[in-house]
Each structure stands twice: as structure tokens, then as C-alpha cells.
Amino acid sequence: MRVFDTVIAGGTVVSASDSVVADVGISDGKIAAVGLDLEGAEKIDAKGKYVLPGGIDVHTHLDMPFMGATTADDFESGTTAAACGGTTSIIDFAIQFKGDTLSKALDTWHEKAGGKAMIDYAFHMICTDIDDNRLKEMDKLVDGGIPTFCRGWGKLPFDRSSPDLTAHALRAWTVWRDRLPPPLQRRLDAAVAQAVRF
């Protein structure tokens, strides 16, 4: 019988489709099995408790400068609070400042989070200064895991006055979209078609 690093035993495991009393086997920090009578080097008794997947907060602003101030939470305090509430992943906004490259903005936000974040994180990119070089840079960021771009605060992500920006934003969308299951691709395609209709 396989021995897991940790077993969460006897809790009501809640998934997207079911709630069942089961054990959760964890190896190398990842869920490796859900079943009954699993063995682990460490055992956590969850009888009478719910075992839930962690939440994902897809819109956070940690350590963000705004109008001469900075948000109250940095990556340490914000992600600690998130973890205490059951959120295990966030997507924060990396902000490109006027004159900077998108890569510099992303590096700055990775520095803010590095060594401080208590949970998993990713980034959306806020673009405030777009020229031809920045448009080319968007492709590299998409390939590096940044699939979402916002065109400044309070504006649509697709700037209808800029065909080049729209083309790059749509390429980012396509790369991300292709990673989704076909039924979700169709639903999202319909929503995007409605959103970008001129």
C-alpha cells in the first residue's frame, strides 16, 4: 500500500460534482489520491469536518501604488489573510508605468511577491503605455504565462481605436482559450464576440 506524506482522514470531501466521506492523500504538496483507508506519514483527523478546495481570488491589488498612497496589504499580509480565509491562489495586477516595458512591470511585481507570498499567485498586466515595441512584447508575456491584459484603468481591454493592440489582445485571448475544454471555448467565444462587436 502506498504511504502518502500526509493524509486528511475521514472528512466530507467536497468537489465540483460530489460530497463524499473520504481520505485525501497528499504527496510532494499535491493531492495524489482520494479514497478510503489511505496511509500517511502524517494523519490529520477531519471527521465531522468539510475538506474543501482552496478558493481563487482573480482580482487583487497588493502593494499597489495609487494616487499618492499604497494599498494597505502587501503580498505577505494580503496572502496570509487570504490563506486564513481558505483562498489558496490569487491573480494580482502588475502595472506598467509610463515609459517602462511590460517586462519591467512584471519583474517589479515578482519582486514585490517573491519571498513574501504565502499562497500561489499569478498576474494580469495593466498596460498604460503601448507602442509597437510593447505590442511585440505582449507575445512573450503570453508565452510566459500572462494571458490577460488591461488597457489602463477603467477602459475596455480592447482599444477599438488601435487595430494593432486589438490584434495582440486577441492573440493573447486565443493562446489562453486553446487551453480550455471545447464547451467552455464555445461559451467564451460567444461572450467575446458580443463584447467586441462594433
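For the structure, see preceding data.
Residues numbered from 1 in each chain as written. Predicted model: local features only at pLDDT ≥ 70, side-chain atom pairs only at ≥ 80, totals over all residues. Heavy atoms only, no water.

Attention shifts here to the overall build of the protein. Helix and strand counts for the protein come out as five helices and eleven strands. Counting every atom, the protein has about 11,900 Å² of accessible surface; 57% of that belongs to carbon and sulfur. (Helix = DSSP H or I, 4+ residues; strand = E, 2+ residues; numbered from the N terminus. Areas by Shrake-Rupley, 256 points an atom, 1.4 Å probe, with all protein chains shown as cover.)

So, about the packing of helix α2 (residues 102-113) against helix α3 (residues 132-143). With their axes 9 Å apart at the nearest point, α2 and α3 run at an angle of 45° to one another. The orientation of α2 relative to α3 falls into the category oblique. Together, L102, S103 and L106 of α2 and R134, E137, M138 and L141 of α3 make up the contact between the two elements. When the residues that make up the contact of α2 with α3 are grouped by side-chain class, the tally is four nonpolar, one polar and two charged. (Axes fitted to C-alpha atoms, helices over the stretch in contact; angles between N-to-C directions. Parallel < 35°, antiparallel > 145°, perpendicular 65-115°, else oblique. Contact = heavy atoms within 4.5 Å. Nonpolar A, V, L, I, M, F, W, Y, C, P; charged D, E, K, R; others polar.)

For a regular strand, side chains alternate in direction, first toward one face of the sheet and then toward the other. Two strands pair when backbone bridges link them, and strand β9 (residues 87-95) and strand β10 (residues 120-127) are joined in this way by seven bridges, in the parallel orientation. When the sheet's bridge partners are listed, I91 is paired in β10 with A122. Read from β9 through α2 to β10, the crossover connection turns out right-handed. The pairing of β10 with strand β11 (residues 149-151) spans three bridges and is classified as parallel. Residue pairing across strands places C127 opposite R151, the latter belonging to β11. You can see the chain leave β10, run along α3 and come back into β11, and the turn it takes is right-handed. (Pairing = 2+ DSSP bridges. Right-handed = clockwise from strand over helix to strand, strands pointing away.)

Turning to the pattern of salt bridges, a few remarks are in order. Side chains that differ in charge, positive against negative, can pair when their charged atoms come close. Considering all chains together, one arrives at six salt bridges under this definition. K47 is the salt-bridge partner of D45, the closest N and O atoms lying 4.0 Å from each other. Each of the two residues, D45 as well as K47, counts as exposed. The partner of K98 in a salt bridge is D129, with the nearest N and O atoms 3.7 Å apart. Of this pair, K98 sits in the loop between β9 and α2 while D129 is found in the loop between β10 and α3, placing the two residues 31 residues apart along the sequence. (Salt bridge = Lys/Arg side-chain N within 4 Å of Asp/Glu carboxyl O. Buried < 20%, exposed > 50% of the residue type's maximum accessible area, 1.4 Å probe, protein only.)

Here four strands make up an open sheet; going across it, the order is β6-β9-β10-β11 and the pairing parallel. Strand pairing shows two members of the sheet lacking a second neighbour, β6 (55-60) and β11, which therefore form its edges. Pairwise comparison of adjacent strand axes, ignoring direction, gives a mean angle of 25° for this sheet. With four bridges joining them, β6 and β9 adopt parallel strand pairing. For D57, the partnering residue across the bridge sits in β9 and is I90.

Our focus in this paragraph is the state of the cysteines. Tallied over the full model, the rule gives zero disulfides. Its sulfur unpaired, C127 is 7.8 Å from the next cysteine sulfur, which belongs to C150. What makes C127 buried here is its relative accessible area of 2%. (Disulfide = S-S within 2.5 Å.)

Taken together, the buried positions of helix α1 (residues 75-84) are occupied by F75, G78, T79 and A82. Viewed end-on, α1 has its buried residues packed into an arc of 90°, placing them on one side of the element. Residues of α1 that are buried in the fold lie against β9, α2 and β10. For α1, the side-chain oxygen to backbone nitrogen distance between the N-cap and E76 is 3.0 Å, and the N-cap itself is D74. Phi for G86, located one or two positions after α1, is positive at around 95°. (Arc of directions from axis to C-beta. Polar contact = N/O pair within 3.5 Å; in protein donor to acceptor, adjacent residues only side chain to side chain.)

These figures capture arrangement, not role.
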